[in-house]
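Read off the chains here:
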Amino acid sequence: MDNTTRLDLYRTMVLIRTYEDAILREYHADKKPGFDIGAGNIPGEMHLAAGQEPVAAGVCAHLRTDDAVTATHRPHHFAIAKHVDLNKMTAEIFGRVDGLGRGRGGHMHLFDPAVHFSCSGIIAEGLPPALGMALAFKRQGSGRVAVAVTGEGAANQGAFHESLNLAAVWKLPVIFVVEDNDWGISVPRSASTSVKSNATRADAYEMPGERVEDNAVEDVYSAAERAISRARQGGGPSLIEVHTLRLYGHFEGDAQGYRPELQSVPGHDPIPTYEDRLRTAGILDDTVVRSARAEAERIVEDAISFAKESAEPSPTTCLDYVFAAPSMGRSN
Ligand SMILES: Cc1ncc(C[n+]2csc(CCOP(=O)(O)OP(=O)(O)O)c2C)c(N)n1
C-alpha cells in the first residue's frame with residue numbers, strides 16, 4: 001500500500017469521527033436538562049459509528065461512484081466514506097427540507113442515488129436489495145459491485161442467510177460486510193451467535209469468508225481489495241467480518257450499564273492507534289494531523305450550518321410522497 005493511500009484512509013477516518021462527534025454535540029445540545037429523546041433539532045434515536053471508522057474507510061476506498069452500498073441503522077461512517085453529499089445528509093438528519101429525503105427519513109434512512117447509497121432502520125433489510133442491484137450489475141456486465149453492510153446481531157436473521165445462499169447460487173458481485181462490535185444493543189455476541197466467526201458461515205455457502213480481528217484499517221483495506229476485485233472479475237460473492245468497536249452507546253442516551261469492558265476502550269480507539277503507526281513509519285507528523293483535523297472541522301461545520309439554515313417541512317405537506325391505494329381511507 002502506498003503512503004498516499006494510507007493518508008487518505010487516515011483522513012477519511014478523521015472526517016468520520018469529526019462528524020460523529022459534531023452530531024453527538026448537536027443531538028444532546030437541546031435535550032437538556034432531562035434527556036428528552038423527542039426534543040430539539042434532532043429528535044428521535046441516534047446511532048453513532050465512532051470506533052467503526054476502519055470498516056467504512058477500508059471498504060469504500062475500493063469503490064467507484066457507480067458501485068452500491070446498502071448500510072444499516074448505524075450508517076454515517078459508510079455514507080461519508082461513500083461520498084454521500086454531506087450537506088444534504090446533515091439536513092436529512094436534522095429533518096429539514098433540503099435533506100436527502102426532504103427531511104422525512106431521518107438519520108437511519110439516508111438515500112443518495114447520485115452515489116448509490118442507501119440504508120435502513122430495519123436490520124438485515126439492506127441485504128436483499130443489494131442482491132437485486134448486484135443481479136442488475138451482473139446482467140449489464142458493468143463490473144459494478146454491491147456492498148451489503150450488516151451488524152453481527154443482524155447476521156442471525158433469516159434475510160442474511162437467504163441472501164448469502166442466493167448470492168452464491170447466482171454468483172453475484174456482492175460483498176457482505178459484517179461489523180462485529182460485540183453487541184446487539186445490550187446482548188453480547190456470545191448470547192446470540194453460535195459461531196465465533198461469520199467467515200464460517202460464508203464457508204457454509206461456499207463463498208470466501210475472511211475475519212479481520214483487530215479493527216485495523218489497512219487489514220480491512222486488504223481484505224476488501226481481494227473481495228471487491230474478485231466480484232468485479234465475475235468471481236461471485238464474498239464475506240468480510242471485521243471485529244470492530246462501538247465506542248459510544250447503542251443509541252445516544254444508552255447508559256451502557258451492561259458493558260463492563262468500556263473502561264479499556266481508550267487504548268483501542270482505532271484512530272490514535274493508526275496515527276501512532278503512521279508517525280512511527282514517518283508518514284505523518286503534527287502538521288499533517290493538524291491539517292486533517294482542520295479540514296474535517298471545516299467540512300463538518302459547513303454541513304451543520306447548511307442543515308440549520310434549511311427550513312423544516314411545512315405541516316401542510318405531511319402527506320406528500322406518501323403512497324396509498326386510491327381506495328384507502330374511504331369508507332365505501
Ligand atoms: C428486523 C428488526 N428487528 C429488530 C430491530 C431492533 N434493533 C435495532 S438495532 C438492533 C441490534 C442490531 O445489532 P447489530 O446488528 O449487531 O448492529 P449494531 O447495532 O451493533 O451496529 C435491533 C435488534 C430492528 N431494527 N429491525
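Residue indices follow the written sequence of each chain, beginning from 1 at its first position. Where local features are concerned, this predicted model is filtered to residues with pLDDT of at least 70; where side-chain atom pairs are given and counted, the filter is 80 or more; whole-chain, interface and lining totals use all residues. Hydrogens and waters are ignored; side-chain quantities use all the structure's heavy atoms.

*Asks:* What should I look at first to understand the nonpolar core in this one?
*Replies:* Nonpolar side chains in soluble globular proteins tend to end up buried together. Throughout, nonpolar core names a set of buried Ala, Val, Leu, Ile, Met, Phe, Trp, Tyr and Cys residues whose side chains join them through atoms within 4.5 Å. For each residue, the accessible area found with a 1.4 Å probe, counting protein chains only, is set against the maximum for its type, and the residue is called buried under 20%, exposed over 50%, and partly exposed in between. Within the largest apolar cluster, 70 residues are counted, with the highest numbers of intra-cluster contacts made by Tyr10, Phe78, Met89, Phe117 and Ile175. Strands here mean DSSP runs of E at least two residues long; helices mean DSSP runs of H or I at least four residues long; both are numbered from the N terminus. No other element matches the 11 residues that helix α1 (residues 3-29) contributes to this core. Pairs of residues are marked as contacts when any of their non-hydrogen atoms sit within 4.5 Å. Aside from chain neighbours lying at most four places away, what touches Tyr10 is Ile271, Tyr274, Glu275, Leu278, Leu284, Val289 and Ala292. In terms of nonpolar packing, the next biggest core, distinct from the first, is built from 19 residues, Leu131, Ala148, Phe176 and Ala202 among them.

*Asks:* Looking at this structure, how should I read unusual backbone geometry?
*Replies:* Pro33 follows Lys32 through a cis peptide bond whose omega is 0°. Its location among the elements puts Pro33 in the loop between α1 and α2 (53-60). Unlike most non-glycine residues, Gln256 shows phi in positive territory, near 60°. Looking at where Gln256 falls in the secondary structure, it is placed in the loop between β8 (238-243) and α10 (270-280).

*Asks:* Could you clarify how one ought to interpret the sheet that holds strand β4 (residues 174-180) in this entry?
*Replies:* Pairing between the strands of a sheet is mediated by backbone hydrogen bonds and can be parallel or antiparallel. Taken in spatial order, the six strands make up an open sheet running β2-β1-β3-β4-β8-β7, and their pairing is parallel. The sheet terminates laterally at β2 (117-119) and β7 (209-212), the two strands that pair on one side only. Strand-to-strand twist of the sheet, defined as the mean angle between neighbouring strand axes without regard to direction, takes the value 15°. Think of each axis as a best-fit line through the C-alpha atoms, taken over the contacting stretch in the case of a helix, with angles from 0 to 180 degrees between the N-to-C directions. With respect to the sheet, helix α9 (residues 217-232) is in contact with β4, β7 and β8, its orientation differing from that of β8 by roughly 170°. Two strands qualify as a pair provided DSSP detects at least 2 bridges between them.

*Asks:* I keep staring at the site of the ligand and nothing clicks. Help me out?
*Replies:* Proximity criterion: a residue is near a molecule or strand once any of its heavy atoms comes within 4 Å of it. Around the ligand lies a shell of 15 residues, among which His73, Gly121, Gly153, Asn181 and Trp183 are the nearest. A 3.5 Å cut-off defines polar contacts: any pair of N or O atoms within that distance qualifies, except that in protein one atom must be a possible hydrogen donor and the other a possible acceptor, and neighbouring residues in sequence count only when both atoms are side-chain atoms. One of the side-chain N or O atoms of His73 is found 2.8 Å from an oxygen atom in the ligand. A distance of 2.8 Å separates an oxygen atom of the ligand from a polar side-chain atom of Asn181. Protein chains shield 72% of the accessible area of the ligand, which is 580 Å² for the free molecule. Amino acids outside the nonpolar list (Ala, Val, Leu, Ile, Met, Phe, Trp, Tyr, Cys, Pro) and the charged list (Asp, Glu, Lys, Arg) are all regarded as polar, and Gly is one of them. Residues of the shell around the ligand, tallied by class, amount to five nonpolar, eight polar and two charged. Note on areas: Shrake-Rupley, 1.4 Å probe, and residue coverage restricted to the protein chains presented here.

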